[in-house]
There are 2 protein chains.
Amino acid sequence: MHPQRWGDPAAQTSLPDSARGLIELAFGEIVERPAAEDVAVPAARIPDEAVDALRTAVGGDNVLTDDAARRLRTRGKSTPDLLKARTGDLSDAPDVVVRPGDQAEVEAVLAVATTHRLAVVPFGGGTSVTGGLVAAREPFAGVVSLDLVRMKRLLAVDDESMTATLEPGLRGPEAEALLAEHGLTIGHFPQSFEFASIGGFAATRSSGQSSAGYGRFDALVVGLTVVTPSGTISVGSSPANAAGPDLRQVFLGSEGTFGVISSVTVRVRPVPQDKVYVGWRWPSFAAGAAAMRTLAQTGLLPTVIRLSDEAETAINLADPTAIGGADEAGCLMITGFEGTPAAVAAKRTAVTALLTELGGTDVGTDVGAAWAHGRFNAPYLRDSLLDVGVLVETLETATFWSNRERLYADVKSALESSLGDGALVLCHISHVYETGCSLYFTVAAKESDDPLAQWAAAKQAASDAIVAAGATITHHHAVGTDHKPWFAQEIGPLGVQTLRAIKDSLDPAGLLNPGVLV
Amino acid sequence: MHPQRWGDPAAQTSLPDSARGLIELAFGEIVERPAAEDVAVPAARIPDEAVDALRTAVGGDNVLTDDAARRLRTRGKSTPDLLKARTGDLSDAPDVVVRPGDQAEVEAVLAVATTHRLAVVPFGGGTSVTGGLVAAREPFAGVVSLDLVRMKRLLAVDDESMTATLEPGLRGPEAEALLAEHGLTIGHFPQSFEFASIGGFAATRSSGQSSAGYGRFDALVVGLTVVTPSGTISVGSSPANAAGPDLRQVFLGSEGTFGVISSVTVRVRPVPQDKVYVGWRWPSFAAGAAAMRTLAQTGLLPTVIRLSDEAETAINLADPTAIGGADEAGCLMITGFEGTPAAVAAKRTAVTALLTELGGTDVGTDVGAAWAHGRFNAPYLRDSLLDVGVLVETLETATFWSNRERLYADVKSALESSLGDGALVLCHISHVYETGCSLYFTVAAKESDDPLAQWAAAKQAASDAIVAAGATITHHHAVGTDHKPWFAQEIGPLGVQTLRAIKDSLDPAGLLNPGVLV
């Protein structure tokens with residue numbers, strides 16, 4: 001991963017001339033904003049004896065103190081994170097990076113942290129977009145980035161129960177490759193898939209683009225092991241039970257603040273033989289959303305289902321007539337079907353019949369294939385836009401169906417008002433449930449002189465609107481530090497007190513990811 | 001509810017002569033064991049000023065101190081509970097019964113309990129079978145049964161989101177009747193359905209006979225409000241999210257120990273137009289279980305699916321030839337399909353094709369209808385058997401598919417060994433998941449002179465076997481006091497510590513259902 005950009009440096013592209021033309025049309029003259037190079041990481045502030053103890057815990061080769069290693073574990077990949085990294089602000093760099101090789105070494109690292117009063121930031125793929133990797137430095141003797149990169153084993157496959165136990169450091173494609181040798185898949189494909197890790201998926205309660213078919217990651221987890229400063233706990237004695245509160249759901253979404261997830265057992269499925277993605281056109285966002293609701297409530301959800309609003313439909317496809325060849329732009333829906341040929345055919349037939357009846361127009365598989373081809377590319381595009389002074393960021397929420405229109409209108413209005421004239425606010429529904437759906441907003445605006453403040457104001461306005469509408473501050477990006485104030489409003493003082501009680505019990509010195517979540 | 005028996009006294013029956021003959025054949029001469037009548041409730045031990053304060057909180061009419069009221073809220077409906085009640089042991093009677101009418105009155109009762117140091121036992125349908133209504137008396141000034149019977153409103157229906165908000169005191173049929181006026185159903189039908197309450201379903205993480213189609217109760221809950229001694233909390237801002245740990249899953253299964261559930265918002269479905277129940281015969285329990293697994297992993301689960309082992313199949317049907325008319329007894333499976341006529345027909349066709357291919361024999365809808373007709377009757381039969389000296393009790397567990405055979409063999413063997421010659425041990429699978437299933441055991445044995453000790457030994461042996469096999473101590477009966485030692489083993493010391501931390505934070509004086517769960 002590039003320290004100032006998303007993803008594989010080799011996959012970076014510059015904007016095509018056509019895109020530059022569109023940007024000039026939308027935002028005026030292009031101002032190149034190259035990232036600062038060769039920026040210095042602040043001097044580490046951690047006692048030598050603590051570093052020595054970490055070396056004893058995981059081996060000298062796995063304790064990294066060099067600038068490049070520390071720079072690469074500085075913050076995550078939100079636009080504010082990137083803006084800071086681009087200007088050379090590395091003030092949140094960890095003092096040291098440790099790479100435990102197994103659960104015992106994670107336990108050893110936490111023991112050292114306890115002894116030396118070190119803050120510990122669990123690090124998986126480094127793809128947080130909510131400030132989940134920014135630990136409070138005070139009152140600790142140092143900040144350790146606990147990188148799980150060496151814990152990449154497939155620990156067990158149970159092909160009768162259709163479960164697999166994975167180590168947390170496996171990135172999405174690595175986990176899928178190991179499972180594919182057994183003909184299996186997790187089916188979890190968030191936009192961060194190429195870099196995000198199994199541990200991160202669990203710690204942030206992630207949801208992928210195929211969640212309608214395979215389920216959210218929290219629904220896929222049947223068991224997990226968590227190393228805490230108070231000891232190690234394994235939960236998940238059965239698929240489901242009535243044995244008290246579901247402790248799995250306490251650790252899922254705990255964002256490294258209760259413990260370090262050292263293994264995850266997930267439900268797996270056969271690798272799908274067929275994958276078909278079909279585009280649909282709807283006269284309006286509301287009509288498409290109503291169709292999604294009907295699919296969900298009829299029990300007919302495809303594997304993938306997403307719907308862009310009018311603005312996102314127009315932007316994404318450049319030429320609106322590509323959507324079915326009609327004059328009106330309308331809204332584009334992507335439906336995806338994965339499984340055996342028979343299952344794909346049967347579901348597609350049933351969904352086609354229902355969507356047609358509801359007023360949708362099948363615009364074929366080319367549009368669907370185009371979406372599938374580019375499904376992980378948006379973060380690269382963001383970097384190219386930041387290069388030319390266009391601020392791009394996303395945020396997401398979810399609510400019940402009856403509140404969808406209000407939430408959409410309020411958040412869109414909050415973003416447009418705060419970002420001012422000329423800002424683009426796009427939205428899509430990417431996750432659908434029987435009782436409601438997510439809303440995922442993307443904004444693009446000409447950068448002001450202080451783009452961090454510019455985005456902070458927009459984010460504040462949108463977040464206030466979300467909480468005022470009674471919706472959730474995050475559907476699949478987690479809380480981190482960025483969402484903390486609104487998360488506290490969402491769950492109320494007693495909810496915060498409950499999480500704090502768990503935290504204080506498992507991590508009494510408050511070493512784990514301090515300042516994140518609660 | 002009868003204080004010594006299950007259910008509606010008017011629905012009680014005595015055993016038919018044919019059954020008495022079978023019992024004599026199985027267990028020898030019948031010894032009538034009538035229940036003691038006119039037994040006295042121990043004198044209440046609670047300060048008058050506490051009772052006066054409760055009267056102020058909920059009104060004088062809603063504070064009951066009479067013997068009948070206290071007797072009816074003494075313990076639940078496990079066989080040990082019934083055995084104690086039948087012999088006149090009412091030592092666990094609450095001192096007073098209070099019936100708050102709304103959430104504010106629940107809050108007022110907890111305030112009084114805090115001031116006067118009273119233990120509070122939330123009481124819904126009174127159908128606990130795990131000692132969930134037996135509060136530790138010390139060191140409290142008195143024990144209050146907080147009966148939610150007056151909180152029976154349907155607070156909201158959202159037919160766009162397909163959710164409904166219900167008060168906790170609604171019993172199963174009452175909730176269904178209110179929802180039926182809107183054409184809706186929850187679809188939650190545990191065997192206790194006729195008496196158990198919405199609050200109890202949530203507090204015990206209940207699972208119903210139609211859970212394959214409608215989902216477990218914990219999966220149906222999208223929001224809930226809980227009154228704790230530290231304040232009132234509402235959780236559930238969206239169908240699903242990434243906003244920290246899922247606090248809904250902390251209160252679901254908390255069995256009244258963290259707070260009193262004052263409202264529950266559940267996913268609802270249209271009342272099914274069609275209901276069809278079809279019987280299938282399998283050559284063995286293993287073959288039937290394998291078929292269930294295939295259905296679950298193919299995404300083809302019917303609304304209801306259950307499978308009796310050879311012993312239960314033989315007992316339940318008296319004449320084994322009724323199962324398809326073959327010589328061999330085999331194992332009976334019930335499949336149920338509910339929904340629109342088209343959905344029922346489509347699912348039934350697909351399931352029939354798959355089960356036939358897997359070696360099952362369709363034995364028609366008469367067997368299925370017979371099951372559906374008697375689905376809530378077993379607890380009545382238990383009373384009739386206790387009347388004639390036959391000890392009957394059930395227990396249940398769940399595990400992953402690859403562990404099913406071991407768990408089945410170990411628990412069956414533990415029960416048979418401890419109950420001795422002539423005991424009947426029956427089993428069925430009643431809940432099925434992609435990754436595993438439940439096992440529900442029923443035992444019948446001639447009562448010894450000390451049936452409580454007789455069952456305690458069997459329960460201990462079975463519970464030890466369950467934990468040794470790595471399975472859960474309870475799939476849908478909750479923890480209560482009866483399962484506490486094994487629950488602690490299942491979640492480990494750190495799991496207990498986590499729950500204790502939540503409890504201490506929300507209920508610092510430990511007033512709520514003391515002794516239950518943790």
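Residues numbered from 1 in each chain as written. Chains lettered and ligands numbered in written order. Predicted model: local features only at pLDDT ≥ 70, side-chain atom pairs only at ≥ 80, totals over all residues. Heavy atoms only, no water.

1. Regarding the UniProt feature "site: Important for enzyme activity" (unreviewed entry) in chain A
Residue and element names in this part refer to chain A.
Phase 1 of the analysis: Here the UniProt-annotated "site: Important for enzyme activity" (unreviewed entry) positions come out as Arg306.
Phase 2 of the analysis: Relative to the helices and strands, Arg306 resides in strand β13 (residues 304-308).
Phase 3 of the analysis: The exposure class of Arg306 is buried, given its relative accessible area of 13%.
Phase 4 of the analysis: What Arg306 contacts, discounting residues up to four positions off in sequence, is Gln209, Met292, Leu332, Met333, Ile334, Trp371, His428, Ile429 and Ser430. (UniProt positions renumbered as here; feature names shortened; annotations may be inferred. Helix = DSSP H or I, 4+ residues; strand = E, 2+ residues; numbered from the N terminus. Buried < 20%, exposed > 50% of the residue type's maximum accessible area, 1.4 Å probe, protein only. Contact = heavy atoms within 4.5 Å.)

2. Quick word on helix α15 (residues 378-387) of chain B
Residue and element names in this part refer to chain B.
Phase 1 of the analysis: With eight of its ten residues buried, α15 lies for the most part within the structure.
Phase 2 of the analysis: Three or more residues of α15 are buried, namely Pro379, Tyr380, Arg382, Asp383, Ser384, Leu385, Leu386 and Asp387.
Phase 3 of the analysis: Taken from the residues just after α15, Gly389 is the one with a positive phi, measuring 75 degrees.

3. Here's the deal with the sheet that holds strand β16 (residues 390-400) of chain A
Residues and elements named next belong to chain A.
Phase 1 of the analysis: Strand order in the open sheet formed by seven strands is β15-β12-β14-β13-β17-β18-β16, and the pairing between neighbours is antiparallel. Sheet topology places β15 (361-364) and β16 at the edges, where each strand pairs with a single neighbour. Strand-to-strand, the axes of this sheet are offset by a mean angle of 25 degrees, without reference to chain direction.
Phase 2 of the analysis: Contacts from helix α14 (residues 365-373) reach β12 (274-282), β13, β14 (331-339) and β15 within the one sheet, and its direction differs from that of β12 by about 115 degrees.
Phase 3 of the analysis: Against the sheet, helix α17 (residues 451-468) makes contact with β16 and β18 (436-446), and its axis sits at roughly 10 degrees relative to β16, the strand it touches most. (Pairing = 2+ DSSP bridges. Axes fitted to C-alpha atoms, helices over the stretch in contact; angles between N-to-C directions.)

4. Remarks on the environment of Gly59 of chain A
Residues and elements named next belong to chain A.
Phase 1 of the analysis: Tracing the backbone shows Gly59 in the loop between α2 (48-58) and β1 (63-64).
Phase 2 of the analysis: On the basis of relative accessibility, which here comes to 27%, the residue Gly59 falls in the partly exposed class.
Phase 3 of the analysis: For the pair Gly59 and Pro34, spaced 25 residues apart in sequence, the C-alpha separation works out to 39 Å.

5. Things to note about the pairing of strand β3 (residues 118-123) of chain A
Residue and element names in this part refer to chain A.
Phase 1 of the analysis: The buried fraction of β3 is high, at six of six residues.
Phase 2 of the analysis: By the alternation rule, side chains of β3 split into Leu118, Val120 and Pro122 and Ala119, Val121 and Phe123, which are all buried.
Phase 3 of the analysis: Strand direction decides the pairing type here: β3 and strand β4 (residues 142-147), joined by six bridges, are parallel. Within β4, the position partnered with Phe123 by the bridge is Asp147.

6. A look at helix α13 (residues 341-357) of chain A
Residue and element names in this part refer to chain A.
Phase 1 of the analysis: A rise of 1.5 Å per residue sets the reference length of α13, with its 17 residues, at 24 Å; its end C-alpha atoms lie 24 Å apart and thus fit the reference within 8%.
Phase 2 of the analysis: For α13, the complete set of buried residues consists of Val344, Val351, Leu354 and Leu355. Relative to the axis of α13, the buried residues are bounded by an arc of 110 degrees and lie together on one face. Exposed and oriented more than 90 degrees from the buried face of α13 are Ala342, Thr349 and Glu357.
Phase 3 of the analysis: As for α13, its buried residues are in contact with β12, α11 (285-298) and β14.
Phase 4 of the analysis: Of the residues flanking the end of α13, it is Gly359, one or two places downstream, whose phi is positive at about 105 degrees. (Expected span 1.5 Å × (residues − 1). Arc of directions from axis to C-beta.)

7. Examining the UniProt feature "binding site: substrate" (unreviewed entry) in chain A
Residue and element names in this part refer to chain A.
Phase 1 of the analysis: Cross-referencing UniProt, the feature "binding site: substrate" (unreviewed entry) maps to Arg382 in the present numbering.
Phase 2 of the analysis: Accessibility expressed as a relative area gives 9% for Arg382, which makes it buried.
Phase 3 of the analysis: Every residue in contact with Arg382, bar those within four places of it in the chain, is listed here: Lys77, Ser78, Thr79, Leu82, Val392 and Glu393.
Phase 4 of the analysis: Only 3.1 Å separates the side chain of Arg382 from the side chain of Thr79, close enough to count as a polar contact. (Polar contact = N/O pair within 3.5 Å; in protein donor to acceptor, adjacent residues only side chain to side chain.)

8. Observations regarding the interface of chain B and chain A
Note on interface size: it is often stated as the accessible area lost on association of the parts.
Phase 1 of the analysis: Opposite the 72 residues of chain B that make contact, chain A presents 72 residues.
Phase 2 of the analysis: Both sides together, the interface formed by chain B and chain A hides about 5,200 Å², and carbon and sulfur atoms give 64% of it.
Phase 3 of the analysis: Sorting the residues of chain B by area buried against chain A places Ala242, Pro245 and Leu494 of chain B first, and these three jointly supply 12% of that buried surface.
Phase 4 of the analysis: Put simply, chain B and chain A have four salt bridges between them.
Phase 5 of the analysis: Its salt-bridge partner being Glu434 of chain B, residue Arg267 of chain A comes within 3.7 Å of it at the nearest N-O pair.
Phase 6 of the analysis: The tally of links between chain B and chain A comes to 30 residue pairs in polar contact (both at pLDDT 80 or more).
Phase 7 of the analysis: Contributing elements (two or more residues each) for the side of chain B that touches chain A: β8 (221-228), β9 (231-235), α10 (248-251), α11 (285-298), β16 (390-400), β18 (436-446) and α18 (484-506) of chain B.
Phase 8 of the analysis: The biggest single contributor to the side of chain B that touches chain A is α18 of chain B, with twelve residues.
Phase 9 of the analysis: Among the residues making up the side of chain B that touches chain A, the classes are represented as 29 nonpolar, 30 polar and 13 charged. (Buried area = accessible area lost by both parts, 1.4 Å probe. Salt bridge = Lys/Arg side-chain N within 4 Å of Asp/Glu carboxyl O. Nonpolar A, V, L, I, M, F, W, Y, C, P; charged D, E, K, R; others polar.)

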